[in-house]
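Structural features, examined
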Amino acid sequence: MLLGCIADDFTGATDLANNLVRAGMRVVQTIGVPGQDRAVEADAVVIALKSRTIEPDAAVAQSLAALRWLRARGAGQIYFKVCSTFDSTERGNIGPVAEALAGALGADVVPVCPAFPENQRTVFKGHLFVGDLLLSDSSMRHHPLTPMTDASLVRVMQRQCRGRVGLVEHGVVRQGADAIGARLQALQAEGVRFGVVDAIANDDLMAMGRAFAALPLLVAGSGVAIGLPQNQGLAPSAAAAELPKVSGARAIVSGSCSAASNAQVVDFISRGGEAFAVDPLRMAAGEDVAAAALAWSEGRIAGRPLLFYATAEPAAVKSVQARLGVDEAGALVERTLSTIARGLVERGVRQLVVAGGETSGACVQALEVQRLRIGPQIDPGVPWCHAPSPAAGPQGLLVALKSGNFGTADFFTKAFALLD
Ligand SMILES: Nc1ncnc2c1ncn2[C@@H]1O[C@H](COP(=O)(O)OP(=O)(O)OP(=O)(O)O)[C@@H](O)[C@H]1O
Ligand SMILES: O=C(O)[C@@H](O)C(=O)CO
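Treat the numbers as computed from the prediction; the structure is a model and nothing was measured.

1. Considerations on the packing of aromatic side chains
- Using the criterion set out here, one finds 7 aromatic pairs in the structure.
- When the centroid spacing of 5.6 Å and the interplanar angle of 55° are considered together, the rings of Phe276 and Trp296 count as tilted. One end of the pair, Phe276, is in strand S13 (residues 274-277); the other, Trp296, is in helix H10 (residues 289-297), and 20 residues separate them in sequence.
- Note on Trp296: relative accessible area 18%, which makes it buried.
- Ring plane angle 90° and centroid distance 5.5 Å describe the contact between Trp296 and Phe308, whose orientation is recorded as edge-to-face.

2. Details of the site of ligand 1
- In the region of ligand 1, 24 residues are neighbours, and His143, Ser256, Glu334, Glu358 and Thr359 sit closest.
- At 2.7 Å, a side-chain N or O of Glu334 approaches an oxygen atom of ligand 1.
- Protein chains shield 97% of the accessible area of ligand 1, which is 640 Å² for the free molecule.
- Broken down by secondary-structure element, the contributors of at least two residues to the shell around ligand 1 are helix H11 (314-324), helix H12 (326-346) and helix H13 (357-366).
- Taken together, the residues of the shell around ligand 1 break down into 9 nonpolar, 11 polar and 4 charged.
- Looking at the shell around ligand 1, you find at least three residues from each of domain 1 (3-235) and domain 2 (242-419).

3. Re the packing of H12 against H13
- Two numbers describe how H12 lies on H13: the axes approach to 8 Å, and their chain directions differ by 45°. Judged by the inter-axis angle, H12 sits oblique to H13. Judged by the sense of rotation from one axis to the other, the crossing of H12 with H13 is right-handed. Contact residues: Glu334, Leu337, Ser338, Ala341 and Arg342 in H12; Glu358, Thr359, Ala362, Cys363 and Ala366 in H13.
- Class assignment of the residues belonging to the contact of H12 with H13 gives a composition of 5 nonpolar, 2 polar and 3 charged.

4. Some thoughts on the UniProt feature "domain: Four-carbon acid sugar kinase nucleotide binding" (unreviewed entry) in the chain
- UniProt's entry tags residues 251-412 with the feature "domain: Four-carbon acid sugar kinase nucleotide binding" (unreviewed entry), counted in the numbering of this structure.
- From the first C-alpha to the last, residues 251-412 spans 9 Å; its make-up is 43% helix and 25% strand.

5. Points about the site of ligand 2
- As a matter of local geometry, ligand 2 sits amid Asp9, Thr11, Gly12, Asp15, Arg52, Lys81, Val82, Cys83, Ser84, Ser403 and Phe406.
- Here Asp15 contributes a side-chain N or O atom positioned 2.6 Å from an oxygen atom of ligand 2.
- Interatomic distance of 2.5 Å between a side-chain N/O atom of Ser84 and an oxygen atom of ligand 2.
- Per-element tally for the shell around ligand 2: the top contributor is helix H1 (residues 10-22), with 3 residues.
- Taken together, the residues of the shell around ligand 2 break down into 3 nonpolar, 4 polar and 4 charged.

What counts and what doesn't
Residues numbered from 1 in each chain as written. Chains lettered and ligands numbered in written order. Predicted model: local features only at pLDDT ≥ 70, side-chain atom pairs only at ≥ 80, totals over all residues. Heavy atoms only, no water. Phe/Tyr/Trp six-rings, centres within 6.5 Å; stacked < 30°, edge-to-face > 60°. Helix = DSSP H or I, 4+ residues; strand = E, 2+ residues; numbered from the N terminus. Buried < 20%, exposed > 50% of the residue type's maximum accessible area, 1.4 Å probe, protein only. Near = heavy atom within 4 Å. Polar contact = N/O pair within 3.5 Å; in protein donor to acceptor, adjacent residues only side chain to side chain. Areas by Shrake-Rupley, 256 points an atom, 1.4 Å probe, with all protein chains shown as cover. Nonpolar A, V, L, I, M, F, W, Y, C, P; charged D, E, K, R; others polar. Domains from an automatic or database assignment. Axes fitted to C-alpha atoms, helices over the stretch in contact; angles between N-to-C directions. Parallel < 35°, antiparallel > 145°, perpendicular 65-115°, else oblique. Left-handed = near helix turned anticlockwise from the far one by under 90°. Contact = heavy atoms within 4.5 Å. UniProt positions renumbered as here; feature names shortened; annotations may be inferred.

Below is the structure:
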């Protein structure tokens, strides 16, 4: 195994696996740390954790367990995949996990770069931009679990780390791989452990890929992955892996409250799509909303795709959180949506789109999925995948795990059109 990857959420894991596959690597994605006896035949393994918003100690423990599994199978380099919008709480978990991995690997200097220009995430002078906006001015400031109110990655990372954090500026990055490597070494000599690296275009990521070839640990979004397979002489491949054909009913489960997911829900409904709104206050009042949703699906499920959504605008999310508490509201919605996802698959859904990283984690766990095979890309960062699941029988099912902010407005329609 050339590359061992630890992703802090499930949509992020498929995003990374998708970029590695497209750049020419054979990739296996596992849900959680696989059993000790599990052998793998792949250039890269991506272990998907659900560690982004849990307690830092638990995130560190899970990430170190993943590291042990990967190193025992010879992983040459470790890639800690974080969100392209650097989603984290004040306590972490990017800093604590990165420091624990760096300590275990003896990594003296570690590059940090969430840039993904194909999805409008760029880093300049250490500041993260989402499209034309600073991260702190983007819709990420309203995220239900990880509101991002500071665009300076050096500052955000420094608040989460004991080691010092420095910057590799774009002026250096555009001089190429040697200059990037030299700057990282200079930072290390100054006692800096983490170097936030600027990147505004894919050329920057390709140069980084060469510069990072011999480093034991990278902390990055999925963008940096496009520059790594070239180090092994692997060539980019636009032809995504073929997936087995799986036919059956179609559904979408959306628990993401991002601006993109809100627009996608509106677009789906405005095209006449049938949708069931999952209301957290009804759940909190003790109603069995999952049972109501599944009863509603009876008689409809074999027709056009059905949408089940808790997706709401920031003001509505805030008011629910004020009444239930942030964590309790999130957990309640995740429990209900994942029960719905499981029930839908038991009732014949075999092509399932899930929107939101935490939501995807909950749904994939409810479906007892242990690994995913990556297929064709729907939009940058979001592929269709094949997943074996006891709920789906021998054929398994097709799932697309959509990161909250990814995908065009017509994503929910486009995803199924790709399978036709
Ligand atoms: N109406 C709602 N009120 C309160 N919380 C909600 C509501 N709808 C969803 N949630 C919660 O908000 C969180 C959304 O996080 P999730 O990771 O699923 O989406 P995202 O952050 O947009 O996606 P990504 O992590 O891929 O960027 C989940 O915990 C979900 O349960
Ligand atoms: O990097 C991203 O933006 C996504 O892969 C993600 O992690 C969303 O949760």
